[in-house]
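Report on the structure
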Amino acid sequence: QVQLVESGGGLVQPGGSLRLSCTASPSIFTIWTMGWYRQAPGKQRELVATISGDGSTNLADAVKGRFTISMDNAKNTVYLQMNSLNPEDTAVYLCNADLQDTPWRRTIFWGQGTQVTVSS
């Protein structure tokens, strides 16, 4: 069974930076898309950024110019570099992957989530 393991969340002051990472394991055949969503208390889950296996990216308007998403295909790992963080970025960030663990099975997986808190 594929698992997504996230790391990198924490508490940061406004204007600061954090880098999230998410690794899919153990056995991955093909990654179609990996990305990050976030959910703040009392709000719906929203897309932050996604990256496809061919490297094309999609970022939410709220994070464009501040966040960067990248992927290391050899490590099956996606990164989210978050700069110029503000309190509105506070949320649980969840990793998402659309992948095949075998040639005949394609499934969407979610990580457990990592808390990002932006506060002075």
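Scroll up for the structure.
Summary of the structure given here. Just so you know, these numbers come straight off a predicted model, no measurement behind them.

Here's the deal with the nonpolar core
In this structure, Leu4, Met34, Trp36, Phe67, Leu80, Met82 and Tyr93 are the most contacted members of the largest nonpolar core, which totals 33 residues. Mapped by element, the contributors of at least two residues to this core are strand 3 (18–25), strand 4 (30–39), strand 5 (46–52), strand 7 (67–72), strand 8 (77–82), strand 9 (91–102) and strand 11 (114–118). It is strand 9 that provides the largest number of residues to this core, a total of five residues. Setting aside residues up to four positions removed in sequence, phenylalanine 67 forms contacts with Arg38, Val48, Leu59, Leu80, Gln81, Met82, Asn83, Leu85, Asp89 and Tyr93.

Some remarks on the state of the cysteines
For the structure on display, the rule yields one disulfide. Covalent S-S linkage joins cysteine 22 and cysteine 95, the inter-sulfur distance amounting to 2.0 Å. Where cysteine 22 bonds to cysteine 95 through sulfur, the torsion about that S-S bond is close to -85 degrees, and the disulfide is left-handed. Within this pair, whereas cysteine 22 is found in strand 3, its partner cysteine 95 is found in strand 9, the two being separated by 73 residues in sequence. Per residue, the accessibility class of cysteine 22 equals that of cysteine 95, and both read buried.

With respect to the sheet that holds strand 8
Across a sheet, paired strands are connected by hydrogen bonds in the backbone, their directions being either parallel or antiparallel. With respect to topology, four strands assemble into an open sheet ordered 1-3-8-7, the strand pairing being antiparallel. In the strand order of this sheet, the two ends are held by strand 1 (3–7) and strand 7, each with one partner. Averaged over neighbouring strand pairs, the angle between their axes works out to 15 degrees when direction is ignored. Sheet topology note: the strand 1/strand 3 ladder contains five bridges and is antiparallel. Its bridge partner lying in strand 3, serine 7 is registered against serine 21.

Parameters at a glance
Residues numbered from 1 in each chain as written. Predicted model: local features only at pLDDT ≥ 70, side-chain atom pairs only at ≥ 80, totals over all residues. Heavy atoms only, no water. Core = buried A, V, L, I, M, F, W, Y, C linked by side-chain atoms within 4.5 Å. Buried < 20%, exposed > 50% of the residue type's maximum accessible area, 1.4 Å probe, protein only. Helix = DSSP H or I, 4+ residues; strand = E, 2+ residues; numbered from the N terminus. Contact = heavy atoms within 4.5 Å. Disulfide = S-S within 2.5 Å. Pairing = 2+ DSSP bridges. Axes fitted to C-alpha atoms, helices over the stretch in contact; angles between N-to-C directions.

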